[in-house]
Amino acid sequence: MITFWQRVDHFVRHLSPFATTVLLVVLNAIPLPIPDYRTVVPLVPLMAIYYWAMYRPDLMPVLAVFIVGLLEDVLTGAPLGFNAFLFLATHGIVRSQRRFILGHGFFAIWAVFVVIVAGVGGLSWLVATILYQGAVPPAPAVAQLGLTLAVFPCVAWFLLKVQRTFLMRL
């Protein structure tokens, strides 16, 4: 017979992908005293969406991705729904291709992330250009993409530790 506390434990463990992603959104939104940091901050929440869609899509449903995207929009001042759209697109692409990607090792997973980030970066730059009604310099976007790709292994390692700690008994 399953006790009340076992159910609570199971529920909390199931929330760990969503909770870690929300934590990364909040941490990512904290302004640091670095000049122009906001324009080059790595896309850490996108890394979490990508990771959980790849390894535990059952625990990161579409509604959770949408909520995370809206939270990212609110905290960063992005147009409402923009990051939600990017995160949902990433989630959908990864979920549809994950069986082809898994089993090829970390570098293949990282290479697919490079393609995803390039698409997200290009779309973000295009939207910024439209919103500002003029060409936005691409240098900050390129720096952000480079920093995102450089930080990905560290964030993936952290999320792997979360997965092994909280989700191995599920």
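Rules behind the numbers
- Residues numbered from 1 in each chain as written.
- Predicted model: local features only at pLDDT ≥ 70, side-chain atom pairs only at ≥ 80, totals over all residues.
- Heavy atoms only, no water.
- Phe/Tyr/Trp six-rings, centres within 6.5 Å; stacked < 30°, edge-to-face > 60°.
- Helix = DSSP H or I, 4+ residues; strand = E, 2+ residues; numbered from the N terminus.
- Buried < 20%, exposed > 50% of the residue type's maximum accessible area, 1.4 Å probe, protein only.
- Axes fitted to C-alpha atoms, helices over the stretch in contact; angles between N-to-C directions.
- Left-handed = near helix turned anticlockwise from the far one by under 90°.
- Contact = heavy atoms within 4.5 Å.
- Nonpolar A, V, L, I, M, F, W, Y, C, P; charged D, E, K, R; others polar.
- Patch = residues over 30% accessible without salt bridge, like charges linked within 9 Å, V, L, I, M, F, W, Y side chains within 5 Å.
- Areas by Shrake-Rupley, 256 points an atom, 1.4 Å probe, with all protein chains shown as cover.
- Salt bridge = Lys/Arg side-chain N within 4 Å of Asp/Glu carboxyl O.
- Core = buried A, V, L, I, M, F, W, Y, C linked by side-chain atoms within 4.5 Å.

Comments concerning the packing of aromatic side chains
As enumerated under the stated definition, the model contains 10 aromatic pairs in all. Here Tyr 50 and Phe 152 contribute two aromatic rings whose centre-to-centre distance is 5.9 Å and whose plane-to-plane angle is 70°, an arrangement assigned as edge-to-face. Taken together, the residues Tyr 50 in helix H3 (residues 44–55) and Phe 152 in helix H7 (residues 139–166) connect sequence positions 102 residues apart. Taking relative accessible area as the criterion, Phe 152 reaches 2% and is therefore assigned buried. Pairing Tyr 51 with Trp 52 gives two aromatic rings, centres 5.0 Å apart and planes at 90°, and the pair type is edge-to-face.

Some details on the packing of H3 against helix H5 (residues 82–101)
Packing of H3 against H5 brings their axes to within 8 Å, and their N-to-C directions diverge by 35°. With respect to the hand of their crossing, H3 and H5 are arranged in right-handed fashion. Between H3 and H5, the contacting residues are Pro 45, Leu 46, Ile 49, Tyr 50, Ala 53, Met 54 and Tyr 55 on the first element and Phe 87, Thr 90, His 91, Val 94, Arg 95, Arg 98 and Ile 101 on the second. Its residues assigned to classes, the contact of H3 with H5 shows 10 nonpolar, two polar and two charged.

Quick notes on a nonpolar patch on the surface
Judged by side-chain polarity, Leu 23, Leu 27, Ile 30, Leu 32, Ile 34, Trp 157 and Phe 158 come together as a nonpolar surface patch covering roughly 650 Å² of accessible area. Elements with a minimum of two residues in the nonpolar patch: helix H1 (4–29) and H7.

A closer look at the pattern of salt bridges
If you walk through the whole model with that rule in mind, you get two salt bridges. In this structure, Asp 58 engages Arg 56 in a salt bridge whose closest nitrogen and oxygen atoms are separated by 3.0 Å. The buried category is assigned to Arg 56, whose relative accessible area is 15%.

So, unusual backbone geometry
Its identity as a non-glycine residue notwithstanding, Gln 133 has a phi of 55°, on the positive side. Along the chain, Gln 133 turns up in the loop between helix H6 (106–131) and H7.

As for the side chain of Glu 72
Among the structural elements, Glu 72 can be located in helix H4 (residues 62–76). Apart from residues lying up to four places away in sequence, Glu 72 is in contact with Val 25, Asn 28, Pro 45, Asn 83 and Phe 87.

Quick word on the nonpolar core
Core analysis: the biggest nonpolar cluster contains 35 residues, and Leu 46, Tyr 50, Trp 52, Phe 87, Phe 113 and Leu 159 have the highest contact counts within it. Those elements giving two or more residues to this core turn out to be H1, H3, H4, H5, H6 and H7. For this core, the leading source of residues is H3, giving 10 residues. Leu 159 has contacts with Thr 20, Leu 24, Met 47, Ala 48, Tyr 51 and Trp 52, leaving out every residue within four places of it along the chain.

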